[in-house]
Protein chains: 2
Amino acid sequence: MSSPTHSKKETPINPFVRVREDHATELAEDYLELIEDLIEQSGEARAVDIAAAMGVRQVTVTKAIGRLKRDGLVTAAPYRSIFLTDQGKQIAKRARARHHTVLGFLVALGVDPEVAEIDAEGIEHHLSPPTFIAMQKFIEQQPAVA
Amino acid sequence: MSSPTHSKKETPINPFVRVREDHATELAEDYLELIEDLIEQSGEARAVDIAAAMGVRQVTVTKAIGRLKRDGLVTAAPYRSIFLTDQGKQIAKRARARHHTVLGFLVALGVDPEVAEIDAEGIEHHLSPPTFIAMQKFIEQQPAVA
DNA sequence: TCCAATTTGTAGCCTAGGCAAACTTTGATG
DNA sequence: CATCAAAGTTTGCCTAGGCTACAAATTGGA
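Residues numbered from 1 in each chain as written. Chains lettered and ligands numbered in written order. Predicted model: local features only at pLDDT ≥ 70, side-chain atom pairs only at ≥ 80, totals over all residues. Heavy atoms only, no water.

**Student:** Can you help me understand the nonpolar core in this one?
**Tutor:** Soluble globular proteins tend to pack their nonpolar side chains together in the buried interior. If you look at the biggest cluster of nonpolar residues, it comprises 30 residues, and the most contacted ones within it are A:Phe105, A:Leu106, A:Leu109, B:Phe105, B:Leu106 and B:Leu109. Elements with a minimum of two residues in this core: helix 4 (86–109), helix 5 (113–123) and helix 6 (129–141) of chain A together with helix 4 (86–109), helix 5 (113–123) and helix 6 (129–141) of chain B. In this structure, A:Leu109 is in contact with A:Phe138, B:Phe105, B:Ala134, B:Met135 and B:Phe138, ignoring residues within four places of it in sequence. (Core = buried A, V, L, I, M, F, W, Y, C linked by side-chain atoms within 4.5 Å. Buried < 20%, exposed > 50% of the residue type's maximum accessible area, 1.4 Å probe, protein only. Helix = DSSP H or I, 4+ residues; strand = E, 2+ residues; numbered from the N terminus. Contact = heavy atoms within 4.5 Å.)

Here you go:
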């Protein structure tokens, strides 16, 4: 059962390597999703609100925004609020869809929504497409939760 | 500002804070579980094998082992192989049980075992007890997967 | 026994992501 | 329009967790 060399982009064979790669993008996704939420809810994304939501100090947000800017995911002028670039919006949208699915899945599994919300945040960045699809199928097949 | 900080700490921690805390212990758990595996499989845990399994350089293993030593989870003399302390064994045992359950759950969900193995590594560190129990129940209720 | 390959350790460097303290900018209010 | 609190930034520090390059110890084979 050696590999039939299906020319797909190589997914890391090593699970630990995969996890390390996931971690590298995970915080960025959380920030982007949060920024989009704040803009929708309150019209703008301010560092003070991001810090409160993330449970970190403002200075930590400043540094994180700097990285997001460097990577072309947000735009931000000093002392002004933060905006997503198109690329940032795309990532935020995918992150939100994934979060929504994982949350729905956990609830369908019977997990309390509050607990599901917390756990979803942890696991949503570590799902390969097949697992994601399996969760979606499970939600669809689920009879009304009694 | 009027509220004098109702100082709760146990439950409703911010999901992002929870994830940060999980990340702090996650690598240690992976190392401990791996070390135990290596000891069982080959009689001893050597840095070179740990490095290969984790997908990192040996120097990275040396540093990680140093942290585990500092935290009382392993013992290791220079140029000798690595052993788990009782506390380390306990953590490894719990980690392995969790891994096994998550893997079984994903497979029961219909995910291909190879994919499940990779995804399990990512998500097993982010499950609260209720979610864990829900997964166990799901496995039990599952009819034999044909 | 001795030597060379393997393995482990050390030194030094890097980025991410945290923090506190001090400073600057903004904007609301008299 | 002066002031001042809130918000944001800068500086400097820390740990975790990666890396390369090199040094030292161990071990197996001739």
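Now that the structure has been shown, the text picks up again.
**Student:** Help me understand the protein's contact with DNA strand C, please; the structure alone is not making it clear to me.
**Tutor:** Near DNA strand C lie 19 residues; those nearest to it are A:Thr60, A:Arg67, B:Arg20, B:Val48 and B:Gln58. Protein-proximal atoms of DNA strand C, defined as those within 4 Å of the protein, fall in sugar or phosphate at a share of 72%. Between DNA strand C and the protein, one listed contact pairs a phosphate oxygen with a backbone N or O atom of B:Ala47 at 3.4 Å. B:Tyr79 has a polar backbone atom sitting 3.1 Å from a phosphate oxygen of DNA strand C. Breaking the surface near DNA strand C down by element, the ones donating at least two residues are helix 3 (58–70) of chain A together with helix 2 (47–54) and helix 3 (58–70) of chain B. (Near = heavy atom within 4 Å. Polar contact = N/O pair within 3.5 Å; in protein donor to acceptor, adjacent residues only side chain to side chain.)

**Student:** Just checking my understanding: could you explain the packing of helix 4 of chain A against helix 6 of chain A for this structure?
**Tutor:** Helix-helix packing is characterised by the crossing angle of the two axes and by the distance between the axes. Residues and elements named next belong to chain A. For the pair helix 4 and helix 6, the least separation of the axes is 9 Å and the interaxial angle reads 50°. Judged on the interaxial angle alone, helix 6 and helix 4 are oblique. At the point where helix 4 passes helix 6, the crossing takes the left-handed sense. Residues Ala97, Arg98, Thr101, Val102, Gly104, Phe105, Ala108 and Leu109 of helix 4 form the contact with helix 6, whose own contacting residues are Phe132, Met135, Gln136, Phe138 and Ile139. The residue inventory of the contact of helix 4 with helix 6, partitioned by class, reads nine nonpolar, three polar and one charged. (Axes fitted to C-alpha atoms, helices over the stretch in contact; angles between N-to-C directions. Parallel < 35°, antiparallel > 145°, perpendicular 65-115°, else oblique. Left-handed = near helix turned anticlockwise from the far one by under 90°. Nonpolar A, V, L, I, M, F, W, Y, C, P; charged D, E, K, R; others polar.)

**Student:** Before we go on, may I ask you to explain the interface of chain B and chain A in this structure?
**Tutor:** By a widely used convention, the size of an interface equals the accessible area lost when the partners come together. Taken together, the contact between chain B and chain A spans 34 residues of the former and 35 residues of the latter. Of the charged contacts in the structure, one is a salt bridge between B:Asp119 and A:Arg18, with a shortest N-O distance of 3.2 Å. Where chain B touches chain A, the interface holds 15 residue pairs in polar contact (both at pLDDT 80 or more). Elements supplying a minimum of two residues to the side of chain B that touches chain A: helix 1 (15–42), helix 2, helix 4, helix 5 and helix 6 of chain B. Examining the composition of the side of chain B that touches chain A, we find that nine residues originate from one element, helix 1 of chain B, more than from any other. Class assignment for the residues of the side of chain B that touches chain A results in 21 nonpolar, seven polar and six charged. (Salt bridge = Lys/Arg side-chain N within 4 Å of Asp/Glu carboxyl O.)

**Student:** What exactly am I supposed to notice about the pattern of salt bridges here?
**Tutor:** All names here are of chain A. In the structure shown here, the tally under the stated rule is 16 salt bridges over all chains. Between Glu29 and Arg98 there is a salt bridge whose closest N-O contact spans 2.5 Å. With Glu29 in helix 1 (residues 15–42) and Arg98 in helix 4, this residue pair connects regions lying 69 residues apart in the sequence. The buried category is assigned to Arg98, whose relative accessible area is 16%.

**Student:** Got a minute to help me understand the protein's contact with DNA strand D in this structure?
**Tutor:** Surrounding DNA strand D, one finds 19 residues, the nearest of these being A:Arg20, A:Val48, B:Thr60, B:Lys63 and B:Arg67. At 2.9 Å, a side-chain N or O of A:Arg46 approaches a sugar or linking oxygen of DNA strand D. In the environment of DNA strand D, a base oxygen lies 2.8 Å from a nitrogen or oxygen atom belonging to the side chain of B:Lys63. Sorting the residues of the surface near DNA strand D by element identifies helix 2 (47–54) and helix 3 of chain A together with helix 3 of chain B as the ones contributing at least two each. The element best represented in the surface near DNA strand D is helix 3 of chain B, accounting for five residues. Broken down by class, the residue content of the surface near DNA strand D amounts to nine nonpolar, three polar and seven charged.

**Student:** Would you take a moment to explain the confidence of the model for chain A for this structure?
**Tutor:** The predicted coordinates of low-pLDDT regions are not to be read in fine detail. The predicted model of chain A averages 91 in pLDDT, with 90% of residues at 70 or higher. The low-confidence segment residues 1–9 of chain A, where pLDDT is below 50, has zero contacts with residues more than four positions distant or belonging to other chains. (pLDDT = per-residue confidence, 0-100.)

**Student:** Can you help me understand helix 6 of chain A in this one?
**Tutor:** Residue pairs three or four apart in sequence face the same way in an α-helix, which turns once every 3.6 residues. Relative to the 18 Å expected for 13 residues at 1.5 Å per residue, helix 6 of chain A spans 18 Å between its end C-alpha atoms, a close match to the ideal helical length. Turning to helix 6 of chain A, its buried residues number three or more, namely A:Thr131, A:Phe132, A:Ala134, A:Met135 and A:Phe138. The buried residues of helix 6 of chain A occupy an angular sector of 160° when the element is viewed end-on, so they sit on one face. Exposed residues on helix 6 of chain A whose side chains face more than 90 degrees from its buried face are A:Pro129, A:Glu140 and A:Gln141. Where helix 6 of chain A is buried, its residues contact helix 4 of chain A together with helix 4, helix 5 and helix 6 of chain B. (Expected span 1.5 Å × (residues − 1). Arc of directions from axis to C-beta.)

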